[in-house]
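# Summary of the model geometry
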Amino acid sequence: MCGIVGYISNHCVKSDLIKGLKKLEYRGYDSVGIALFDVNQNIKVLKNSGQIKDFISKYKNDTSDGHLGIGHTRWATHGVPSDNNSHPIFDQNETIALVHNGIIENYLDIKKELIDEGFKFKTDTDTECISNLISYYKNKNKDTLRSIKLTFQKIKGHAVVAIISKEDPGKIFGFKKGLAGSLRIGLSSNKISIASDLETIKSTSEKYISIDNKEIFVATLEDVLVISKDKKIEKEWISIDEKSETISKNNFDFFIEKEIHEQPEVFLSNFQNRVNFSSKEIDFSKELKGLNLDEIKRINLFGMGTSYYACLLASYWLEQISKIPTQCHNASEFTYRNPLVEENTLAISVSQSGETADTLSAANLIKEMKIPQIAITNTNNSELEKVTKNCINIGAKTEIGVASTKTFTATLEIFLLFAMYLAQKRNPGYPKTKIFQELKSMPSQIERILDNTKHIVDLAKLYSKYDNFLFLGRGYNYPVAMEAALKLKELSYVHAEGYPAGEMKHGPISLIDSKMPVFCIITEGSHRDKMISNIREVKSRNGKVIVLTNCSEKLDKSWYDDIIIFEKTEDLLSPFLSSVSIQIFAVNLALARNLDIDKPRNLAKSVTVE
Ligand code: F6R
């Protein structure tokens, strides 16, 4: 949610800012802007609503540049996406410009106080109260850093901010308050790089620090001063050894298509150092050093969106394979209901970005309760890992497509392996041999679906004219149905609902008519006969039934309108195959509607506000 970037160099930085913003566009893409300290030591702001490509085209003849600048790619919270509301946001005198990620909860009070002091506001953003507040304090005390500290104290809510001031050439100031995503500062011999993620600063930095909650910084080309509780603190500089990932679409038109096709490779790579197919053992001990799992009596899972649905499916696996009672929580609800968590509970918080504010809040609450906790993320050294300390990385590499695909199946895979790891001690009698056998062939089974997409693509085109869908499943197929509906909503803006099939008769059935295709996921082991009753009930009401199944031989052709068949496997592994099939359906239905499947409207890849 909003990407922040900044550079100080002995060379011009405009092109670095644009490159950085392109990398951060996944965090928000409704408007974009930069502020440069130009050769005349003036702050020049260039900004517009729309994406970076629109920015580049708008300013193609602009020659301004400078050795220091900040930039922002926005996901609007306060104020519609417009040129005016785009960041950087000036103070009223245009001597301070800043970019902000987060929400200022007391901005209306601050705005009123400043208006009473004679301040003028030109935007609808909450951010402008930060720039004007700094300006207000500075008018009194003439000291930029002191004014930033006072502003930091006055604002309530969540903010990561980078600030430049006309009277302070060569400096980028900033701070982090609350949960508003990451901020990294990278250092090399001739450049300071600041960004919301590590990937963006990798190519221009040798080492980096993270700015943590309640820290204020002042960066110059020579040094980075970090202050916490009014005292200078020494941060540990971490060297950047990994090369930055080369990110391309390969031969695909969209990143999300490429990422769907990467799933077999990700699946295979997650076996490494964890799965021993000869001894039929799983090992997470190196990743979870120091965590004693022997006393664990319960597991609580936390996530949002797709990560929540991964938790939902994992709760079935953890109970059935490892025999540990497991509860799954929507992180945003958990935090605010004064929850009770019993002793000997293990908490697992899931977030591919490692930055989701709701999940971080729940993780912080769990930490306060002194409950042992693991993060499952796709990001190294994430904000979530800082809270949980223990972390399993899902190894999906960068996912650019805003709707999660490979991170969903990679999270599922980690959960399945973790359930098997716990079962080694808790339930050694689980059907190990069969599961290991099928697990090994899972990457090839997924690959075969990806090599034969024509039928699913044709069906997606056929159904692209419908505006409502129901997805039904039982057992393992229920979380799959929920994730399927989410994927269709996100990518194609079609109204879609997922339900446990047993719930259908309790209300949703009244929606069924010939305009409501009902997607039914039917697998051999997950209550097949009950699902058959469900499809018959839909058909009897003139509904259109699309069956997604691995037991087509048990289904009479008259019971459904269309069918997608995937290979047979152990029932608990079938969600990998059904999920990939549905991803292909959702992506192609959105393409048939001519939509940007990499950047669906209103979404952002990293949801850093509650
Ligand atoms: C779905 C999607 C969102 C995220 C949710 C949580 O395609 O992208 O629903 O799953 O915002 O994000 P993370 O996993 O980063 O915590």
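What comes next concerns the included structure. All figures in this text were calculated on a predicted structure; none of them were measured in a lab.

### Thoughts on helix α4 (residues 128–141)
Between the first and last C-alpha of α4 there are 20 Å, a value that for 14 residues agrees with the 20 Å anticipated at 1.5 Å per step. Within α4, eleven of the 14 residues are buried, leaving the element largely enclosed by the surrounding structure. Residues E128, C129, I130, S131, N132, L133, I134, S135, Y136, Y137 and K138 constitute the buried set of α4. For α4, the elements touching its buried residues are β5 (89–90), β6 (96–104), α3 (107–116), α5 (144–154), β7 (157–165) and β8 (172–177). Looking one or two residues past α4, K142 carries a phi angle of roughly 60°, positive in sign.

### Digging into the nonpolar core
If you look at the biggest cluster of nonpolar residues, it comprises 97 residues, and the most contacted ones within it are W317, I348, F415, F418, M420, F469 and F585. Top contributing element to this core by residue count: helix α13 (residues 406–426), with 13 residues. Each of domain 2 (245–440) and domain 3 (448–610) contributes no fewer than three residues to this core. Beyond its immediate sequence surroundings of up to four residues, M420 is in contact with I282, I321, Y430, I435, F436 and L439.

### Details of unusual backbone geometry
Cis rather than trans, the peptide bond between H87 and P88 has omega equal to 0°. Mapped onto the secondary structure, P88 falls in the loop between β4 (66–74) and β5. Positioned with a positive phi, Q41 is a non-glycine residue whose angle comes to about 65°. By the secondary structure assignment, Q41 is in the loop between β2 (31–38) and β3 (43–49). Classification of Q41 by relative accessible area gives partly exposed; the value is 39%.

### Some points on the packing of α13 against helix α18 (residues 574–592)
Geometrically, a packed helix pair is captured by the angle between its two axes and the distance between the axes. Interaxial distance between α13 and α18 falls to 11 Å at its minimum, and their mutual angle equals 175°. Comparing the axis directions of α13 and α18 gives the class roughly antiparallel. From α13, F408, T409, L412, E413 and L416 reach across to α18, where they touch F576, S579, V580 and Q583. When its residues are assigned to classes, the contact of α13 with α18 shows five nonpolar, three polar and one charged.

### Some remarks on the side chain of T326
Looking at the secondary structure, you find T326 in strand β19 (residues 326–330). On the basis of relative accessible area, T326 is assigned to the buried category, the value being 11%. Among the polar contacts listed, one links the side chain of T326 to the backbone oxygen of I324, at a separation of 2.8 Å. Those residues within four positions of T326 in sequence are excluded, and the remaining contacts are I299, L301, S315, L318 and E319.

### What to know about the side chain of T356
Relative to the assigned elements, T356 resides in the loop between β20 (345–351) and α11 (357–368). Side chain to side chain, T356 and S351 meet in a polar contact 3.5 Å long. The residues contacting T356, other than those within four sequence positions of it, are M304, S351 and V607.

### So, the site of the ligand
As a matter of local geometry, the ligand sits amid 15 residues, with S307, S351, S353, T356 and E490 nearest to it. In the environment of the ligand, an oxygen atom lies 2.7 Å from a nitrogen or oxygen atom belonging to the side chain of S351. Between the ligand and the protein, one listed contact pairs an oxygen atom with a side-chain N or O atom of S353 at 2.7 Å. Relative to its free-state accessible area of 410 Å², the ligand is covered by the protein chains to the extent of 92%. Those elements giving two or more residues to the shell around the ligand turn out to be α9 (305–322) and α16 (477–492).

### Focus on helix α14 (residues 432–451)
Under the 1.5 Å per step criterion, the end-to-end length of α14 is 29 Å for 20 residues, consistent within 8% with the ideal 28 Å. A bend of about 45° at M442 is the largest found in α14, and the proline P443 appears one to four places after it. Every buried residue of α14 is accounted for by I435, F436, L439, M442, P443, Q445, I446, I449 and L450. The inward-facing, buried residues of α14 abut α7 (255–261), α8 (263–269), β16 (275–276), β17 (281–282), α13 and α18.

### Considerations on the pairing of β3
Strand residues, when the strand is regular, have side chains that alternate between the two faces of the sheet. Judged from the seven bridges that link them, β2 and β3 form a sheet pairing that is antiparallel. Note that in β3 the partner of L36 across the bridge is K44.

### Digging into the pairing of strand β12 (residues 215–219)
Most of β12 is tucked away: five of the five residues are buried. Neither face of β12 is exposed, since E215, F217 and A219 on one face and I216 and V218 on the opposite face are all buried. Judged from the five bridges that link them, β8 and β12 form a sheet pairing that is antiparallel. Across the sheet, I172 pairs through a bridge with A219, a residue of β12. Bridging between β12 and strand β13 (residues 224–228) involves five bridges; their strand directions are antiparallel. Bridge assignment links A219 to a residue of β13, and that residue is V224. Counting the residues in the hairpin turn of β12 and β13 gives four residues.

Here is what the cut-offs are and how they apply
- Residues numbered from 1 in each chain as written.
- Predicted model: local features only at pLDDT ≥ 70, side-chain atom pairs only at ≥ 80, totals over all residues.
- Heavy atoms only, no water.
- Helix = DSSP H or I, 4+ residues; strand = E, 2+ residues; numbered from the N terminus.
- Expected span 1.5 Å × (residues − 1).
- Buried < 20%, exposed > 50% of the residue type's maximum accessible area, 1.4 Å probe, protein only.
- Contact = heavy atoms within 4.5 Å.
- Core = buried A, V, L, I, M, F, W, Y, C linked by side-chain atoms within 4.5 Å.
- Domains from an automatic or database assignment.
- Axes fitted to C-alpha atoms, helices over the stretch in contact; angles between N-to-C directions.
- Parallel < 35°, antiparallel > 145°, perpendicular 65-115°, else oblique.
- Nonpolar A, V, L, I, M, F, W, Y, C, P; charged D, E, K, R; others polar.
- Polar contact = N/O pair within 3.5 Å; in protein donor to acceptor, adjacent residues only side chain to side chain.
- Near = heavy atom within 4 Å.
- Areas by Shrake-Rupley, 256 points an atom, 1.4 Å probe, with all protein chains shown as cover.
- Bend = angle between axes of the 7 residues up to and from the residue.
- Pairing = 2+ DSSP bridges.

By themselves, these are just geometric observations and shouldn't be taken as functional.
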